[in-house]
Amino acid sequence: MVPESSQQIGILDRSRPARPVSARLRRKIDLVTSGFAEACARVFLHPRIRELWPEYLVTQHAIIRTTVPLMEAGRDRARALAAADPVAAGVEEYLDRHIVEETNHDEWLLNDLEAIGVSRDRALARVPSPTVAALTGSQYYWVLHYHPVGLLGYFAFMEGFPPQPELIEGLKERTGYPEEAFRTFRLHGELDPGHKEELDRTIDALPLTSEHEDVLGLSAMSTGVLVTSSLEEVAGAIAGS
Amino acid sequence: MPGAKDAEVAKLAAALADQQFRDAFMSDYSKALTDRNIDPGPIRELIDTLRDTSKNQLDYLASVRDVLTKHGHSDRVKAEMV
């Protein structure tokens, strides 16, 4: 029987192991980061960045609008498994808390798009690319047909590269767009470092098997590869890259 | 020496495309590298990370074009997104 005091300890209150899984996961993410960084540069340093910026935001919106529904699907699946699965119980606890933090970020992006003259209707009418569908759709597969812990690999990548203030200032200058066009970008730059730390502590507190760690790494690395492809699509949307 | 590192990364990336090498790497990485004349010295960190990967993860990395040949080419500070 588990002592009452242990039952009351939340997933983030447990001590971290000496060689954390999160550190191994971050190093695996590093394996796909160079291509991602090159794709970021192709977009952010594009000679026609003013024309490209709405394309970038529309694509990011197509991705970000799935964040909360994905978390809800992950939480619900984790909840269904939790009674007999301590990893699922930890995933449920993390997602339940994190859903609140991610709510309405897609609305922020639509507001940013309106600030540069792209209406909500136009942004929402755009057909997402198969790459974006694969990026987010594959997470539903991990969640519904394998184990919801895979979703933590997705967020390990997605929240692992917060935009720095220098990048945002440079983009403002080169696009000529107002501060209102960069609110979501700036807020993620402020919020993501904290989210990253919380996620790493959650991962390290879970009693993961080798299969869990396998799917965590596959989810994170494939997320990196597909995000890179989506950025290459954005960069290729306008000639001059 | 960036040149030496790039050369060993390129040799390793080419070797990883071969399933037989990946299997050999999983069972005895040191021998597998020696057999392909890959010097782990300049790419120790990369080797250590690959040793932490599962067979599924190594197979996935090998399936993605250019992912390992680009390793270390870009500064992490440039990787930023919303």
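### Regarding the interface of chain B and chain A
No. 1: Listed as interface residues are 27 residues of chain B and, on the opposing side, 39 residues of chain A.
No. 2: Our count for the contact surface shared by chain B and chain A stands at one salt bridge.
No. 3: Across the pair A:R27 and B:D52 runs a salt bridge whose closest N-O atoms are separated by 3.9 Å.
No. 4: On inspection of chain B and its partner chain A, the count reaches seven residue pairs in polar contact (both at pLDDT 80 or more).
No. 5: Put simply, the parts of the chain that give the side of chain B that touches chain A at least two residues each are α4 (44-52) and α5 (55-63) of chain B.
No. 6: With six residues, α4(B) is the largest single contributor of residues to the side of chain B that touches chain A.
No. 7: Counted by class, the side of chain B that touches chain A contains ten nonpolar, nine polar and eight charged residues.

### With respect to helix α13 (residues 210-235) of chain A
No. 1: When the terminal C-alpha atoms of α13(A) are compared, their 37 Å separation across 26 residues agrees well with the 38 Å that a helix rising 1.5 Å per residue should span.
No. 2: Burial analysis of α13(A) places 20 of its 26 residues in the buried class, which makes it a mostly covered element.

### What about the nonpolar core?
No. 1: Judged by nonpolar contacts, the single largest core of 94 residues is most densely connected at A:W53, A:Y56 and B:L12.
No. 2: The greatest single-element share of this core, amounting to ten residues, is contributed by α13(A).
No. 3: Not counting the four nearest positions on each side in its chain, B:L12 is found in contact with B:F21, B:L33, B:I38, B:I43, B:L46, B:I47 and B:L50.

### Overview of the pattern of salt bridges
Residue and element names in this part refer to chain A.
No. 1: For the coordinates displayed, the defined rule picks out 24 salt bridges over all chains.
No. 2: The salt bridge partner of E55 is R126, with a shortest N-O separation of 3.2 Å. Of this pair, E55 sits in helix α4 (residues 49-64) while R126 sits in the loop between α8 (120-125) and α9 (130-146), placing them 71 residues apart in sequence.
No. 3: Among the residues examined, E55 registers a relative accessible area of 23% and is labelled partly exposed.
No. 4: Residue classification places R126 among the partly exposed residues on the basis of a relative accessible area of 37%.
No. 5: Two residues, E169 and R186, come together in a salt bridge whose shortest N-O distance is 2.8 Å. In this pair, E169 is assigned in helix α11 (residues 165-175) and R186 in helix α12 (residues 183-205), connecting sequence segments 17 residues apart.

Thresholds, definitions, all that
Residues numbered from 1 in each chain as written. Chains lettered and ligands numbered in written order. Predicted model: local features only at pLDDT ≥ 70, side-chain atom pairs only at ≥ 80, totals over all residues. Heavy atoms only, no water. Contact = heavy atoms within 4.5 Å. Salt bridge = Lys/Arg side-chain N within 4 Å of Asp/Glu carboxyl O. Polar contact = N/O pair within 3.5 Å; in protein donor to acceptor, adjacent residues only side chain to side chain. Helix = DSSP H or I, 4+ residues; strand = E, 2+ residues; numbered from the N terminus. Nonpolar A, V, L, I, M, F, W, Y, C, P; charged D, E, K, R; others polar. Expected span 1.5 Å × (residues − 1). Buried < 20%, exposed > 50% of the residue type's maximum accessible area, 1.4 Å probe, protein only. Core = buried A, V, L, I, M, F, W, Y, C linked by side-chain atoms within 4.5 Å.

Treat this as a map of the structure, not an account of what it does.
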